[in-house]
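Structural overview
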Amino acid sequence: MNENEWLAARFETDRSRLRAVAYRVLGSMPEAEDAVQEAWLRVTRADAAAVENMSGWLTTVVARVSLNMLQSRKSRREDLVDAPDPDRAHHGETESADPEQEALLAESLGAAMFLILDTLTPAERLAFVLHDMFAVPFEEIAPIVERTPAAARQLASRARRRFQRQGIVPDAAGAARKSVPVPDESADAETSQAGKADFVHAFLTASREGDFEALLSILAPDIVVRADQAAVRMGMATGMGMATGAGLTEEIRGTDAVTRAFAKLSWAPVPALIDGSAGLAYVRDGVPHAVFRFDIADGLITDIDIRADLTGLDIIILS
């Protein structure tokens, strides 16, 4: 076996992992395949014989290519009609060279992770993916993002805090897992209401479908829904809950009353990040007019806070 054949075989050994790195950075399997192919072309033009840590070097090459692609995408985002979204990334609206691999990768990440990854800057996203998901040292990440190791650490830390507010914990292999929902008791805590995105999604789905049993299964017996005056007025105007006679008042208590109020929710809210935490927003003409914030404890939704006075809130619409 000559040197070129050895290099090709060595690259193939790492291809799966390199594609996983590119996929998590870019959020698109076709783009990940392009990044890996471009990385291979760069490898063939480099002096690979002098490389001591081949896997680490290949990771660095594909990371640089992926970062360039991501920065290019961000710079022309206003011209893109189909910026990466979780449905496209998960369900493969574009053809993939390996549909089975794409499905496995998408399942390992989950919708919430893709949504949050797309809110990060390119440098934050790369630093977080490489370090937290693939255990690449900051000393190796720093030159890729053109920062010092300390600055690269800060990039990953900022990204990590956004994920931890949603309770998403990636492991070193790049899989996303959820921990048991735990309310955040400290303003300085790194983790916050783990798994909240899943509860919010389940609540929204059950509400839209009028699935009483599903709602009852995720609501605490003593659940409390509170609404500010602006939300009460908006609820009366839009008929939220009026079909069942529950209406929207400043406070609704108990699973029965809350289930009646939210089954077949006519407001049709959409997923959103509210001050970095998973929630829902009522959006009209692209503008949020009210938000739903959730508290989770012991695997159940204990409180829902509805606000139409959005002063001071950081709201990112995810759908």
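The structure this text deals with has already been given above.
Read on for a plain summary of the structure.

Reading the values: rules and limits
Residues numbered from 1 in each chain as written. Predicted model: local features only at pLDDT ≥ 70, side-chain atom pairs only at ≥ 80, totals over all residues. Heavy atoms only, no water. Helix = DSSP H or I, 4+ residues; strand = E, 2+ residues; numbered from the N terminus. Expected span 1.5 Å × (residues − 1). Buried < 20%, exposed > 50% of the residue type's maximum accessible area, 1.4 Å probe, protein only. Pairing = 2+ DSSP bridges. Axes fitted to C-alpha atoms, helices over the stretch in contact; angles between N-to-C directions. Contact = heavy atoms within 4.5 Å. Salt bridge = Lys/Arg side-chain N within 4 Å of Asp/Glu carboxyl O. Parallel < 35°, antiparallel > 145°, perpendicular 65-115°, else oblique. Left-handed = near helix turned anticlockwise from the far one by under 90°.

Spanning 13 residues, helix 7 (residues 122-134) covers 17 Å between terminal C-alpha atoms, matching the ideal 18 Å at 1.5 Å per step. In terms of residue burial, helix 7 counts as a mostly covered element, since 12 of its 13 residues are buried. Listed as buried for helix 7 are P122, A123, E124, R125, L126, A127, F128, V129, L130, D132, M133 and F134. A135 occupies a position one or two residues after helix 7 and carries a positive phi of about 60 degrees.

Moving on, we come to unusual backbone geometry. Despite not being glycine, A135 has its phi angle at roughly 60 degrees, a positive value. For A135, the position within the fold is in the loop between helix 7 and helix 8 (138-145). Residue A135 is classed as exposed on the basis of its relative accessible area of 53%. With a phi angle near 55 degrees, D285 is a residue other than glycine that sits in the positive phi range. Topologically, D285 is positioned in the loop between strand 6 (277-284) and strand 7 (287-297).

Here we come to the pairing of strand 5 (residues 270-274). Regular strands place side chains that alternate from one sheet face to the opposite one. Of all 5 residues making up strand 5, 4 are buried, and the element is well covered by its neighbours. Where strand 5 lies against strand 6, 5 bridges are found, and the strand directions are antiparallel. In the strand pairing of strand 6, L273 is matched with A278. Linking two consecutive strands that pair antiparallel, namely strand 5 and strand 6, is a turn of 2 residues; a positive phi of about 50 degrees is found at D275 within it. Bridge count for strand 5 against strand 9 (residues 315-317) is 3 bridges, and the pairing is antiparallel. Residue pairing for strand 9: I274 is matched across the bridge by I315.

Moving on: the sheet that holds strand 3 (residues 219-227). If you trace the 7 strands from one edge of the open sheet to the other, you get 4-3-8-7-6-5-9, paired in mixed fashion. Lying at the two open borders of the sheet, with one neighbouring strand each, are strand 4 (251-253) and strand 9. The mean inter-strand angle of the sheet, taken between neighbouring strand axes irrespective of direction, is 25 degrees. With 3 bridges joining them, strand 3 and strand 4 adopt antiparallel strand pairing. When the bridges of strand 4 are listed, R226 appears paired with E251. Running at roughly 40 degrees to strand 6, helix 10 (residues 196-209) makes contact with strand 3, strand 5, strand 6, strand 7 and strand 8 (300-307) of the sheet.

Turning our eyes to something else, we now look at the pattern of salt bridges. The full count for this structure, using the stated rule, is 12 salt bridges. R293 is paired through a salt bridge with D275; the nearest N and O atoms lie 4.0 Å apart. On the criterion of sequence distance, the pair formed by R293 in strand 7 and D275 in the loop between strand 5 and strand 6 is long-range, its members being 18 residues apart. The partly exposed category is assigned to R293, whose relative accessible area is 27%. By relative accessible area, D275 is classed as partly exposed at 38%. Three or more residues joined by partner-sharing salt bridges are found here, namely R226, E251, R253 and D303.

Bringing the pairing of strand 3 into the picture now. Taken together, the 5 bridges between strand 3 and strand 8 define a ladder with parallel strand orientation. By the bridge assignment, R226 is partnered in strand 8 with D305.

Before going further, it helps to spend a moment on the packing of helix 1 (residues 3-26) against helix 2 (residues 29-45). Where helix 1 meets helix 2, the axes come as close as 8 Å, and the angle between the chain directions of the two elements is 140 degrees. Considering their axes alone, helix 1 and helix 2 lie oblique with respect to each other. Remark: the crossing between helix 1 and helix 2 carries right-handed chirality. On the side of helix 1, the interface is formed by L7, A8, F11, R15, L18, R19, A22, Y23 and L26, while helix 2 contributes M29, E31, A32, E33, A35, V36, A39, W40 and V43.

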